[in-house]
Amino acid sequence: MIMTNTLDSSIVAEPNTNGKNVVIDCKIRNLYYGKFRAVRDSHIPVEEGQVTAFIGPSGCGKSTALRCLNRMNDLVRGFRFDGHVHFRGKDIYHRNVDPVAVRRYIGMVFQQPNPFAMSIYNNVAFGLRLNRVKDDIPERVESALRGAALWDEVKDKLKNSGLSLSGGQQQRLCIARAIATEPTVLLMDEPCSALDPIATRRIEELMTELKEKYTIAVVTHNLQQAQRVADKTAFMYVDTSDGGRTGYLVEYEDTGQLFEDPKEEYTKQYIRGEFS
Amino acid sequence: MAITLEGDVPIDSVASPPSRLDIAGDRTFRGLTYVFSWMTIFLVLYIVYEIAGKAFPAIQEYGFGFVTGTTWDANRGEFGVFPEIWGTLYSSILALMLGGFFGVSIAIFLTQDFLPPKLEVVFKNIVELLAAIPSVVYGLWGIYVVIPALRPTANWVHEHLGWIPFFETSLSGPGMLPAAMVLSIMILPTISAVSRDALCSVPHRLKEAAFGLGATRWEAILGVILPTSATGIFGALVLGFGRALGETMALAMLVGNSNQVSLSLFSPANTLAALLANNFPEAGKLEEGVLMYAALILMAITLLVNLVGTAIMNRAQRRLSGGER
Amino acid sequence: MSNQIEITHSFAGVDFPQLERSLRHPRTLVSSLLSLLTGFVTVVACVPLFSVLFMLIYRGGKRLSLSLFTQTPPSAFESGGGFGNAIVGTLTMVGIAALISVPFGVLAAVFLAEFGPKSKTASAVRFCAKLLTGFPSILAGVFAYAAVVLMTGSYSAPAGGVALSILMLPIVMLTAEESIKMVPHKMKEAAIGMGATQTQVVWRVTLPSAMPGMLTGVMLAVARASGETAPLLFTALNSNYWIMQDGNLALMEPTASLAVLIFNFSGVPFESQIELAWAAALVLVLIVLAVNIGGQVLSRKRVTR
């Protein structure tokens, strides 16, 4: 590996934020799973009201980085994190912070649609009950389902199991479930990878609508998708120089800028499809 | 103390950090599950402590002679459980031979595609149903069906082959053979189910490899599949043996409760578990302590056998999951 | 290997290898004989079940009537009578055992499957549960005698319940652990991702999804406990009376159970009591089978969902 990309050398990793409001400022110095160093030296800001895409070849740590943002990695045994994640200026890895509370503000949509084995209605109301919301539950469920562009398809069968829906509908149900409590940020981990092209299209449209209200961070392996939906794009790559497979941030830019005129050689090669 | 994440969240958001109640509930519930987990360990220790503690006076008084003694006379205060230990082991070994042969044969027959899948399920359910019948019902059945059915044959064998030690007495009623036969029926489902699992976990590609070399079905079974699953099947036999050692009712009803050491299949005998079942309800203070000693011996034997069985099963799992050790 | 030699041999002997199946071929013959043998063995193994069922229906069915469920057992030379008190006794003691073992087992299983699956505590607990699985039922009785009967000073239904609960506990715990583990990880992840505490995940997602499997385990344990005799012999003893007498609950008195009644009546020389034993065996097997089948239905429901 010729190019080392530390935060201090600030070659490319110094983010270009255009003075926008940064909701989550994620600075990963080192991230380990046991002895395995999964990610190093990546500084990714997530700006308010924007879609930030994480792209890169598989194994580059883009999902791992995303899961740092609401401490989902805490569930993995041997997880160690060196760096900080500032959410509205507060370090969510501070030892006084309850990861459970973090996840209430930073919701997540997963790669595989994962509705609970309960009715559509209860799936969406789940988060509301978790937050001990007593009032207007039906109204909130409806508006969440409308927000996820699913209302018209399910309004007559809210009592049916969430598992009875098609894959794309299930994923939109999961989005509805996540936005029902109006979190600040929505993390989406390859939300379309298990879906067909038409369902994918719908989710992408939805993301564009949702960013009016929510800040979104999305991991995708699909470059066109990043181009279509993202305002900012972070390109990560794998460093194999020390014998491991450590991901790091190569370039973070406005999406247009990154795809049309990347600064880094690796980014150029990647978006030309020379490796994947 | 804790840093809150509220602040300038959007006004219509209902997101809130978990309430104090949620957090307290979470801690309590997790603590509770932890406590109950530990209670399982304490329960086992407490069981050993109770039985050993109650047996202690008898151990002091009778010492090791209790294990080798052959008389049981509450009136004279003379106690020995050698015949019961012998009967326990003898009946269990007989049952294991019968039940093991049947159980493993059935497991092979029901896993190696001899039958269409639907019939396989039918037979599997029938064998599992054998395990659902309560042992006291088997005992009743043994008294009124097995013993009368065995008696003519057994006595014919005794008359003609009586010089063989196994047949040196006649079958007058309860005895070792009917007890062992019923016992074998009772352990058969365990052996067959665990062996089935072992046989099913043999990778399909191994069988294909054998067939690919031109082996017949049985050459594949005997040459490849059984050796591969041998550890698991052996574990099944040990677990079945453990079950036979501790089984009570069928033996208490069928073995004859007679304090003697005999090789004969037709003579009555006794086992540790049957001794407990028959003598405990009417035992006086003295005999009670002695029975606790007998219970302790039974516990030691079954624990040992079960430990060996579990260890073998764990090894079988490890072997198949790759790490040959 | 021998088959390789054989193949070359047949090439040398005839122009083309013999491909037709023939029983004269020793390999084929041995194979067929072994197949026949195992098939025969399997069929033979089914005979006891059908013999038991036949006898139960033939001898127990004769005596089946409503009075069996409403009357108490007859004395030696009486005819008639029933075992209603024993049915109530069995249900009471199995109920007590379930009240002890189900919460105990499920809580421990939640720890084993969710909170500390790889901890040292968990492996020790699993080890103990496995030991209890192979624990002879008579020893559960000996323990309950030492721990409950000697302490309370009387044979009683709770003592029988404690003995049975020791046998139910490992079944409940290990099946509950398995069914909790079967809940897809992605469902739990979804709840965690929404900011549910671990306890909320367990109560709202994991346990509801694992419920059918856990119920199957409980049913299996109940079925096993209902048929157990040895643990009750000297904990609950036996009784010819109802557990409810003159409006008083005689809980701390010796209590009848179907299983002990069968055992006691099996060896007596009185025809009416023997008949009653067969009828009790029929009722007991029906109860056990019904509970078992209930459990099976539940587990099937889980598979098809």
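Please read these numbers as outputs of a predicted model, since none were measured by experiment.

Cut-offs used in this document
Residues numbered from 1 in each chain as written. Chains lettered and ligands numbered in written order. Predicted model: local features only at pLDDT ≥ 70, side-chain atom pairs only at ≥ 80, totals over all residues. Heavy atoms only, no water. UniProt positions renumbered as here; feature names shortened; annotations may be inferred. Helix = DSSP H or I, 4+ residues; strand = E, 2+ residues; numbered from the N terminus. Contact = heavy atoms within 4.5 Å. Buried area = accessible area lost by both parts, 1.4 Å probe. Salt bridge = Lys/Arg side-chain N within 4 Å of Asp/Glu carboxyl O. Polar contact = N/O pair within 3.5 Å; in protein donor to acceptor, adjacent residues only side chain to side chain. Nonpolar A, V, L, I, M, F, W, Y, C, P; charged D, E, K, R; others polar. Axes fitted to C-alpha atoms, helices over the stretch in contact; angles between N-to-C directions. Parallel < 35°, antiparallel > 145°, perpendicular 65-115°, else oblique. Left-handed = near helix turned anticlockwise from the far one by under 90°. Buried < 20%, exposed > 50% of the residue type's maximum accessible area, 1.4 Å probe, protein only. Pairing = 2+ DSSP bridges. Phe/Tyr/Trp six-rings, centres within 6.5 Å; stacked < 30°, edge-to-face > 60°. Lys NZ or Arg CZ within 6 Å of the ring centre and 35° of its normal. Core = buried A, V, L, I, M, F, W, Y, C linked by side-chain atoms within 4.5 Å.

J.: Would you mind showing me how to read the UniProt feature "transmembrane region" (unreviewed entry) in chain B here?
T.: All names here are of chain B. The residues that UniProt annotates with the feature "transmembrane region" (unreviewed entry) are residues 31-49, 89-110, 122-147, 176-199, 220-241 and 290-312. Taken end to end, residues 89-110 comprises 100% helix and 0% strand; its first and last C-alpha atoms sit 30 Å apart. Taken end to end, residues 122-147 comprises 92% helix and 0% strand; its first and last C-alpha atoms sit 29 Å apart.

J.: For this particular structure, what's the right way to read the interface of chain A and chain C?
T.: A common way to express how large an interface is: the accessible area buried when the components associate. Taken together, the contacts link 25 residues of chain A with 17 residues of chain C. It is Phe 116, Phe 126 and Leu 130 of chain A in chain A that bury the most area against chain C; as a group they hold 25% of the surface buried on that side. Viewed at the interface, chain C and chain A are joined by one salt bridge. The shortest N-O distance in the salt bridge between Glu 189 of chain C and Arg 67 of chain A comes to 2.9 Å. Our enumeration of links across chain A and chain C arrives at five residue pairs in polar contact (both at pLDDT 80 or more). When contributions to the side of chain A that touches chain C are tallied by element, the ones reaching two or more residues are α2 (99-105), β6 (106-109) and α3 (120-130) of chain A. Here the element with the most residues in the side of chain A that touches chain C is α3 of chain A; it accounts for four residues.

J.: Looking at this model, I keep getting lost on the interface of chain B and chain C. Mind explaining?
T.: Between chain B and chain C, the residue contacts involve 77 residues of the former and 82 residues of the latter. Where chain B touches chain C, the interface holds zero salt bridges. If you look at where chain B meets chain C, you find nine residue pairs in polar contact (both at pLDDT 80 or more). By residue number, the principal contributor to the side of chain B that touches chain C is helix α1 (residues 20-62) of chain B, which donates 21 residues. Considered class by class, the residues forming the side of chain B that touches chain C number 54 nonpolar, 13 polar and ten charged.

J.: Which parts of the structure should I look at to understand the packing of helix α3 (residues 82-111) of chain B against helix α4 (residues 117-132) of chain B?
T.: Helix packing geometry: the angle between the two helix axes and the distance between the axes. Residue and element names in this part refer to chain B. Running from N to C, α3 and α4 cross one another at 155°; their axes reach a closest spacing of 9 Å. With respect to α4, the axis of α3 lies roughly antiparallel. Considering how the two elements wind past one another, α3 and α4 form a crossing that is left-handed. When α3 is examined against α4, the residues Ile 106, Leu 110 and Thr 111 are found in contact with a partner set consisting of Glu 120, Phe 123, Lys 124 and Val 127. Of the residues assigned to the contact of α3 with α4, the class counts are four nonpolar, one polar and two charged.

J.: Looking at this structure, I do not really get the pairing of strand β10 (residues 246-254) of chain A. What am I missing?
T.: On any regular strand, side chains alternate: one points to one face of the sheet, the next to the other face. Residues and elements named next belong to chain A. Across the nine residues that make up β10, a large majority, eight, are buried. Relative to β10, strand β2 (residues 36-47) runs parallel, the two being bridged by two bridges. When the sheet's bridge partners are listed, Arg 40 is paired in β10 with Tyr 248. Where strand β9 (residues 232-239) lies against β10, eight bridges are found, and the strand directions are antiparallel. By the bridge assignment for β10, Thr 233 is matched with Glu 253. Between β9 and β10, which pair antiparallel in sequence order, lie six residues; one of them, Gly 243, sits at a positive phi of approximately 85°.

J.: Can you help me understand the UniProt feature "domain: ABC transmembrane type-1" (unreviewed entry) in chain B in this one?
T.: The feature "domain: ABC transmembrane type-1" (unreviewed entry), as annotated in UniProt, sits at residues 85-309 of chain B in this numbering. Taken as a whole, residues 85-309 of chain B contains 76% helix and 0% strand, while its terminal C-alpha atoms sit 20 Å from one another.

J.: Which parts of the structure should I look at to understand the packing of aromatic side chains?
T.: Aromatic ring pairs: the centre-centre distance and the angle between the two ring planes describe each pair. Per the stated rule, a full pass over the model turns up 33 aromatic pairs over all chains. Both rings, one in Phe 54 of chain C and one in Tyr 58 of chain C, keep their centres 5.6 Å apart while their planes meet at 5°; by these two values the pair is stacked. With Phe 54 of chain C and Tyr 58 of chain C both in helix α2 (residues 26-62), this residue pair falls four residues apart, about one helical turn. With a relative accessible area of 52%, Phe 54 of chain C lands in the exposed category. Take Tyr 58 of chain C: its relative accessible area is 47%, and that puts it in the partly exposed class. Residues Tyr 145 of chain C and Phe 234 of chain C carry aromatic rings whose centres are separated by 6.2 Å and whose planes lie at 85° to one another, so their mutual orientation is edge-to-face. Of this pair, Tyr 145 of chain C sits in helix α6 (residues 137-152) while Phe 234 of chain C is found in the loop between α10 (230-233) and β1 (244-245), placing the two residues 89 residues apart along the sequence. Overall, Phe 234 of chain C belongs to the buried group, its relative accessible area being 0%. Aromatic rings pair up to connect Tyr 62, Phe 66, Trp 72, Phe 79 and Tyr 293 of chain B into one cluster. The ring of Tyr 32 of chain A is capped by Arg 80 of chain A, whose NZ or CZ atom sits 4.5 Å from the centre of that ring. Across the ring face of Phe 116 of chain A, the terminal group of Arg 177 of chain A is positioned such that the distance to the ring centre comes to 4.4 Å.

J.: It is not clear to me how the nonpolar core should be interpreted in this structure. Could you clarify?
T.: A general tendency of soluble globular proteins is for nonpolar side chains to be buried together. Of all hydrophobic cores here, the largest spans 187 residues; its most connected members are Phe 66 of chain B together with Phe 83 of chain C. For this core, the element with the most residues is helix α4 (residues 84-115) of chain C, which contributes 17 residues. In contact with Phe 83 of chain C, not counting residues within four places along its chain, are Leu 68, Gln 71, Leu 258, Leu 261, Leu 276, Ala 279, Ala 280 and Val 283 of chain C.

J.: Would you take a moment to explain the sheet that holds β2 of chain A for this structure?
T.: Pairing between the strands of a sheet is mediated by backbone hydrogen bonds and can be parallel or antiparallel. Residue and element names in this part refer to chain A. Ordered by their spatial adjacency, ten strands build an open sheet running β5-β4-β1-β2-β10-β9-β3-β8-β7-β6, and the pairing between neighbours is mixed. Sheet topology places β5 (90-91) and β6 at the edges, where each strand pairs with a single neighbour. Note that strand β4 (residues 79-87) and β5 share two bridges and pair antiparallel. Within β5, the residue paired with His 86 across the bridge is Asp 91. Strands in contact with helix α7 (residues 197-210) are β3 (51-55), β7 (185-189) and β8 (215-219); relative to β8, the strand with the most contacts, it is inclined by about 150°.

J.: Just to check I follow, could you spell out the pattern of salt bridges for this structure?
T.: Where charged atoms from two side chains of opposite charge come close, those side chains can pair. Scanning the model with the defined rule gives 30 salt bridges over all chains in all. A salt bridge links Arg 59 of chain C to Glu 271 of chain C; its shortest N-O distance comes to 3.4 Å. Of this pair, Arg 59 of chain C sits in helix α2 while Glu 271 of chain C sits in helix α12 (residues 271-304); the two residues are 212 residues apart in sequence, bridging distant segments of the chain. Here the residues in one salt-bridge network are Arg 40, Asp 41 and Asp 239 of chain A, joined through shared partners.

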